[in-house]
Amino acid sequence: MKRKNYKRKLIAYLVIWSVVHSSLLFSSPDNIVVSASAVPEIQILTPNEGTLLNAPLVEFTGTISDDLTSADKLTVKVFEQPEDSQQPIDITGEGKLSMIPNGTAADFLYSKDFSEGVHAVTFVVTDEDGVSAKAEHTITVKSEGTVTNEDTPVIVTTEDTPETTEHVSDNPVTSTEEAKPTTDESSASTEKTNTSQAAIEEEGARPYMYKMYLIPKNAADQYEPGKSVPSSFLPVEDMTRVPLNYVILVDVRSTEPLTKTQPLLTSFGDIKGDEDLIATTLLTDNLKSYVYTFTPDLNFNPGTTYDVYLNPKFSTETEKVIIPRFLKFTTVSDYKNTEFQVDRAADETIDNDSIHGPFSVVTSACSFCHSTHNGKDELLLKGGKGSTENDMCMACHDGTGSPKIEDNNSHSKHYTGSTVSCSSCHDPHNPGTKQNPNSLHPKEGTDPYYNYKKAGTATGALSDYSLCFSCHGNGKKTNIEKYYSDGTLKSQSGHNLQAQTESGISLNGQFPCAECHETHGATNIKMLRPELGNTKLSGQKPESDQLDDNWFSKSTTNWDADAQRKFCLSCHNGKTDLYGKQGKAIYDKETGDPINPANDGHDRESQKTCAECHSDSQSFMETAHAPKRITP
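As a convention, each chain's residues are numbered from 1 in the sequence order in which they are written. This being a predicted model, a pLDDT of at least 70 is required before a residue's local features are given, and a value of 80 or more before pairs of side-chain atoms are given or counted; all residues contribute to the totals for chains, interfaces and linings. Heavy atoms from the whole structure form the basis of all side-chain values; hydrogens and water molecules are not counted.

1. Some thoughts on the packing of aromatic side chains
Two aromatic rings, drawn from Phe, Tyr or Trp (for Trp, its six-membered ring), form a pair once their centres lie within 6.5 Å of each other, and the interplanar angle then sorts them: stacked below 30 degrees, edge-to-face above 60, tilted otherwise. Counting across every chain of the model gives 20 aromatic pairs. Pairing Phe300 with Tyr306 gives two aromatic rings, centres 5.1 Å apart and planes at 55 degrees, and the pair type is tilted. A relative accessible area of 3% means that Phe300 is categorised as buried. Residues Tyr309 and Phe326 carry aromatic rings whose centres are separated by 4.5 Å and whose planes lie at 20 degrees to one another, so their mutual orientation is stacked. Here Tyr309, found in strand S19 (residues 305–310), pairs with Phe326, found in strand S20 (residues 326–331); they are 17 residues apart in sequence, far enough to count as distant. For the residue pair Tyr309 and Phe326, the accessibility class agrees, reading buried in each case. Taken together, Phe60, Phe108, Tyr110, Phe114 and Phe123 form an aromatic cluster joined through their ring pairs. Taking the ring centre of Trp559 as reference, the NZ or CZ of Lys554 above it sits at 5.2 Å. In this scheme, Lys NZ or Arg CZ marks a charge over a ring once it lies within 6 Å of the ring centre and within 35 degrees of the ring normal. Taking the ring centre of Tyr587 as reference, the NZ or CZ of Lys589 above it sits at 5.8 Å. Using a 1.4 Å probe on the protein chains alone, a residue whose accessible area is under 20% of its type maximum counts as buried, one over 50% counts as exposed, and one in between counts as partly exposed. Put simply, DSSP marks the helices as runs of H or I at least four residues long and the strands as runs of E at least two long, and each gets a number from the N terminus on.

2. Examining the nonpolar core
By size, the foremost hydrophobic cluster in this structure holds 27 residues, and its most contacted members are Met212, Leu214, Ile248, Leu264, Leu265 and Phe329. Secondary structure elements with two or more residues in this core: strand S12 (208–215), strand S14 (239–242), strand S15 (247–254), strand S18 (288–296), S19 and S20. Only buried residues count toward a nonpolar core, which is a set of Ala, Val, Leu, Ile, Met, Phe, Trp, Tyr and Cys residues joined through side-chain atoms within 4.5 Å. Of all hydrophobic cores here, the second largest spans 23 residues; its members include Ile42, Ala71, Leu74 and Leu97.

3. A word on the sheet that holds strand S8 (residues 117–126)
What the five strands build is an open sheet, ordered S2-S9-S8-S4-S5; its pairing is mixed. Edge positions in the open sheet fall to strand S2 (52–53) and strand S5 (89–90), since each of these has one partner strand only. Note on pairing: DSSP must find at least two bridges between two strands before they are called paired. Bridge count between S8 and strand S9 (residues 132–141): 10 bridges; the pairing is antiparallel. Along S9, the bridge assignment pairs Thr126 with Ser132.

4. A short note on the side chain of Gln510
Secondary-structure assignment places Gln510 in strand S22 (residues 509–510). For Gln510, a relative accessible area of 2% gives the class buried. Under the rule applied, a polar contact is a pair of N or O atoms within 3.5 Å (in protein, one hydrogen donor and one hydrogen acceptor; residues adjacent in sequence only if both atoms are side-chain atoms). Within polar-contact distance, the side chain of Gln510 engages the backbone nitrogen of Asn496 at 3.1 Å. Polar contacts involving the side chain of Gln510 include one to the main-chain carbonyl oxygen of His625, which spans 3.0 Å. Two residues form a contact once any of their heavy atoms are found within 4.5 Å. With residues near it in sequence (within four places) discarded, Gln510 still touches Tyr465, Tyr483, Tyr484, Lys490, Ser493, His495, Asn496, His625 and Ala626.

5. What about the pattern of salt bridges?
One speaks of a salt bridge when a side-chain nitrogen belonging to Lys or Arg is within 4 Å of a carboxyl oxygen belonging to Asp or Glu. In the structure shown here, the tally under the stated rule is 14 salt bridges. The closest approach of N and O atoms between Arg253 and Asp251, which form a salt bridge, is 2.8 Å. A relative accessible area of 0% means that Asp251 is categorised as buried. Glu256 is paired through a salt bridge with Lys320; the nearest N and O atoms lie 2.7 Å apart. Here Lys320 lies in the loop between S19 and S20 and Glu256 lies in the loop between S15 and strand S16 (265–268), a separation of 64 residues in the sequence.

6. Focus on the sheet that holds strand S7 (residues 105–113)
Strand order in this open sheet of four strands is S1-S3-S7-S6, and the pairing throughout is antiparallel. The open sheet has two edge strands, strand S1 (41–46) and strand S6 (96–102), and neither has a second partner. Ignoring strand direction, the axes of neighbouring strands in this sheet form an average angle of 20 degrees. Pairing of strand S3 (residues 57–65) with S7 involves nine bridges; the strand directions are antiparallel. Bridge pairing links Gly62 to Phe108 in S7. A fitted line through C-alpha atoms represents every axis, and for helices the fit uses only the stretch in contact; the resulting angles, taken between N-to-C directions, go from 0 to 180 degrees.

Here is the structure:
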């Protein structure tokens with residue numbers, strides 16, 4: 001019986017196989033219907049397949065779509081196929097990926113520094129059901145190395161060259177006073193000058209900061225303009241847990257020789273040190289890279305936030321001043337004074353070391369915030385440190401045990417009288433990384449976490465400010481996102497800037513939120529910064545707000561004409577410099593008459609509100625975020 005059953009099964013399988021095979025042989029292509037609606041689509045628009053590029057930074061643009069899935073539910077991953085391996089490598093996190101959804105479609109942009117050579121890159125889009133599609137692209141990056149010939153100007157140091165260091169000796173970074181000029185302009189014993197064909201996308205008349213890093217001591221010679229940096233190099237902007245023995249490296253780009261009478265950096269705190277010009281590299285026929293280092297006399301203090309400004313007086317020899325920038329970073333906390341021991345080298349941080357301690361090593365770190373048997377709520381949070389979550393955080397973040405959160409006071413909507421708490425933005429159990437140093441919450445979609453980008457990283461994409469729009473977005477009580485997504489509002493906005501070729505900044509869109517707001521609160525309502533612009537203001541903040549300066553004070557909620565004009569004129573005064581542009585003054589400082597007589601309300605004594613002309617709805621909220629351009 002078993003043998004007969006076996007034969008019957010074999011015959012059945014042969015019949016089924018014959019039917020399937022015959023249907024494939026005799027079917028017509030006209031009869032095959034493929035449903036494209038169930039498969040996502042991806043297309044790479046730029047660069048073209050096989051493009052030869054002369055710069056390490058490559059930007060891919062493209063589109064994704066799916067008839068059945070909205071674009072915000074699609075995910076994009078980027079892979080590279082190494083020549084020496086059969087297994088592709090996920091490089092999504094090594095670059096910057098942004099998406100601008102539009103219904104069932106979206107535009108995407110991916111940028112990354114690639115090494116010299118041929119690169120086979122694959123973009124994969126996946127829908128909610130795990131169905132994927134891919135697009136493959138091959139590019140070649142060519143970067144000619146050091147070239148020296150008779151036609152190439154090179155600065156050379158020999159025994160016959162008198163030695164004079166490009167060094168501001170014992171110069172406190174807090175000072176912008178003029179240093180003594182170098183006596184021998186031709187000497188350069190501490191400079192090494194290379195001639196490189198590294199392509200530079202942006203050239204301009206004014207010098208600008210291209211990159212600023214925090215680096216280990218004695219590692220500056222590992223930096224090469226236009227090339228990838230070692231993993232130990234930390235971008236300065238908003239970086240946390242910086243090792244205490246690091247130094248600062250700055251790459252300045254200029255088409256003219258730079259001054260030797262002014263320091264480059266202006267930092268505020270108890271920090272002093274030495275600033276050196278260590279390398280000058282010719283990038284194109286008229287553009288040079290000037291690499292400076294600043295070495296503090298002493299190690300940075302633990303758990304401290306440092307503000308670093310570019311000196312606004314730093315200029316070329318023809319007095320073209322640098323594009324101002326302001327950045328801040330925070331050093332690693334001093335774990336030596338906590339209740340547990342950490343197995344680490346001196347002043348070393350570890351990416352997988354959670355910001356509140358190595359829980360995997362010593363579980364008593366949990367007891368800083370939680371009490372197993374005496375917790376006061378469902379999270380077992382300790383009592384005795386206040387009645388709210390924010391009180392719990394501020395028990396340490398008042399500077400006693402962790403970095404101090406500045407300006408977290410009664411005017412902070414994120415701190416008092418609000419449902420917002422510290423953990424609304426930060427994940428207290430999520431380890432920080434170089435890409436996410438402030439442990440912002442993970443996010444669904446193409447970005448692995450919420451973004452809060454500033455001048456150094458913002459490109460103008462909506463996703464740059466996803467952290468803010470998670471509360472201030474479409475469908476929320478206060479919808480700020482519309483000023484960044486609505487085509488009409490953006491097109492007429494005076495705050496919609498195109499990247500300036502002379503600024504070294506890639507912004508192509510609306511101002512970042514951080515240009516006007518301080519995340520953790522400020523002395524003003526709406527968490528508005530008291531010092532607007534990228535230049536450290538001298539002296540003390542005036543008791544009463546004045547027109548035309550960069551100081552701003554506001555403690556009441558009444559936005560009358562006086563308040564609106566003082567806020568707007570804090571930048572529109574003819575001297576505030578943002579992204580290589582100056583806020584245009586609206587009236588003559590001496591006469592008070594409008595610069596353009598056709599602009600009614602621009603005289604100094606006018607009582608017109610800014611919103612009367614710069615918002616179709618006469619809303620100051622709209623005026624502040626997307627001021628309508630007026631053409632007389």
